[in-house]
Amino acid sequence: MKKYLRLIVVMLAFYHPLAMAHSREAAGFISGFLHPLFGPDHLLAMLGVGIISARIDGHYIWSIPGLFVLFMVLGGILGANGILFPMVEWGIALSVLVLGIAIIVVKRANISLLMVVMLFVAFFGFLHGHAHGVEMPDSISPYYYSFGFVISTSLIHILGVLIGHFSTKRQRLEKMPSYVGGFMAVAGCLILYGLTQS
């Protein structure tokens, strides 16, 4: 528990100097930081990645979220530079559905299932990052914006890891991930349905 809290404190420690920086940098950081928090599809998917990483195996508890962040940054760079890909919003909606189902189904993974999970996490991370990059306002600092959404994403992952970790340690919380996964799966279906109507 202490190591999780230390990670959160270190990440939040970056916020103060950035908030006091030049207004363009501060606006970029705050905009990037808040973007995942106010996008339910982004928020749920990132939370799901953290939960899954804690449920699969302790050895991969940080490497799976780290893989998501790595490919998110890659996707963000391409999106910010105007390199577009088709049906990204559909892929993001699908990520919420797939990750929700995975939380319910996956308890501990063998190496084959682990590779499949990591492949999907990398792919979904790329899509989420690409959307962040495309949606980045021109009036703000891209570097601080990117830093903001990486910090925000990491904090959401840590929250997911905590949910997954404590649900395996405490019997009264053991069903919580399944409830979260079920909610995510339903939300993913609703987001997909919304896309069909737009």
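Scroll up a little and you will see the structure.
Residues numbered from 1 in each chain as written. Predicted model: local features only at pLDDT ≥ 70, side-chain atom pairs only at ≥ 80, totals over all residues. Heavy atoms only, no water.

J.: Outline the overall build of the protein, supporting the account with residue identities and numerical values.
T.: Scanning the protein from terminus to terminus reveals 9 helices and 0 strands. When the helices and strands of the protein are listed from N to C terminus, the series reads α-α-α-α-α-α-α-α-α. Put simply, of all contacts in the protein between residues at least 6 apart along the chain, 88% involve residues at least 24 apart. Accessible area of the protein: about 10,300 Å², with a carbon and sulfur share of 71%. (Helix = DSSP H or I, 4+ residues; strand = E, 2+ residues; numbered from the N terminus. Contact = heavy atoms within 4.5 Å. Areas by Shrake-Rupley, 256 points an atom, 1.4 Å probe, with all protein chains shown as cover.)

J.: Go over the nonpolar core with me, naming the residues and quoting the values.
T.: Core analysis: the biggest nonpolar cluster contains 37 residues, and Ile52, Ile56, Ile64, Phe68, Leu99 and Met184 have the highest contact counts within it. The element that contributes the greatest number of residues to this core is helix H7 (residues 111–135), accounting for 9 residues. (Core = buried A, V, L, I, M, F, W, Y, C linked by side-chain atoms within 4.5 Å. Buried < 20%, exposed > 50% of the residue type's maximum accessible area, 1.4 Å probe, protein only.)

J.: How would you summarise the packing of helix H6 (residues 88–105) against helix H9 (residues 176–197) if you had to cite specific residues and measurements?
T.: It is the contact of H6 with H9, at a shortest axis distance of 7 Å, that shows an interaxial angle of 155 degrees. It follows that H6 is roughly antiparallel to H9 by the angle criterion. Seen along the crossing, H6 lies across H9 with a hand that is left-handed. Considering only residue class, the contact of H6 with H9 consists of 17 nonpolar, 6 polar and 1 charged. (Axes fitted to C-alpha atoms, helices over the stretch in contact; angles between N-to-C directions. Parallel < 35°, antiparallel > 145°, perpendicular 65-115°, else oblique. Left-handed = near helix turned anticlockwise from the far one by under 90°. Nonpolar A, V, L, I, M, F, W, Y, C, P; charged D, E, K, R; others polar.)

J.: Explain a nonpolar patch on the surface to me, and be specific about the residues and the numbers.
T.: A grouping of Ile30, Leu34, Leu37 and Phe38 is seen on the molecular surface, where their side chains present a nonpolar patch of about 360 Å² in accessible area. One can find Ile30 in helix H3 (residues 23–37). (Patch = residues over 30% accessible without salt bridge, like charges linked within 9 Å, V, L, I, M, F, W, Y side chains within 5 Å. Salt bridge = Lys/Arg side-chain N within 4 Å of Asp/Glu carboxyl O.)

J.: How would you explain the packing of aromatic side chains if you had to name every residue and give the values?
T.: Inspection of every chain in the model, using the stated rule, returns 6 aromatic pairs. Consider the rings of Phe85 and Phe126, whose centres lie 5.4 Å apart with planes at 75 degrees: the pair is edge-to-face. Of the two residues, Phe85 sits in the loop between helix H5 (63–80) and H6 while Phe126 sits in helix H7, which places them 41 residues apart along the sequence. Overall, the relative accessible area of 36% leaves Phe85 in the partly exposed class. Judged by relative accessible area, which is 16%, Phe126 ranks as buried. With 5.7 Å between their ring centres and 75 degrees between their planes, Tyr145 and Phe149 make a pair best called edge-to-face. In this pair, Tyr145 and Phe149 are both assigned in helix H8 (residues 142–169), 4 residues apart and thus about one turn of the helix distant. Across the pair, exposure class does not vary: Tyr145 and Phe149 are buried alike. (Phe/Tyr/Trp six-rings, centres within 6.5 Å; stacked < 30°, edge-to-face > 60°.)

J.: Please provide a residue-by-residue account of H5, values included.
T.: Between its first and last C-alpha atoms H5 spans 25 Å; for 18 residues at 1.5 Å apiece the expected length is 26 Å, and the two agree. For H5, the full list of buried residues reads Ile64, Pro65, Leu67, Phe68, Val69, Met72, Gly75, Gly76 and Gly79. Its buried side turned inward, H5 meets helix H4 (40–56), H7 and H8. (Expected span 1.5 Å × (residues − 1).)

J.: Requested: an account of the packing of H4 against H6, with residues and values cited.
T.: As a packed pair, H4 and H6 sit with axes 9 Å apart at the nearest point and diverge in direction by 35 degrees. For the element pair H4 and H6, the recorded crossing hand is left-handed. Seen from H4, the contacting residues are Asp41, His42, Leu44, Ala45, Gly48, Val49, Ile51, Ile52 and Arg55; seen from H6, they are Glu89, Ile92, Ser95, Val96, Leu99, Ala102, Ile103 and Ile104. Residue composition of the contact of H4 with H6, by class: 11 nonpolar, 3 polar and 3 charged.

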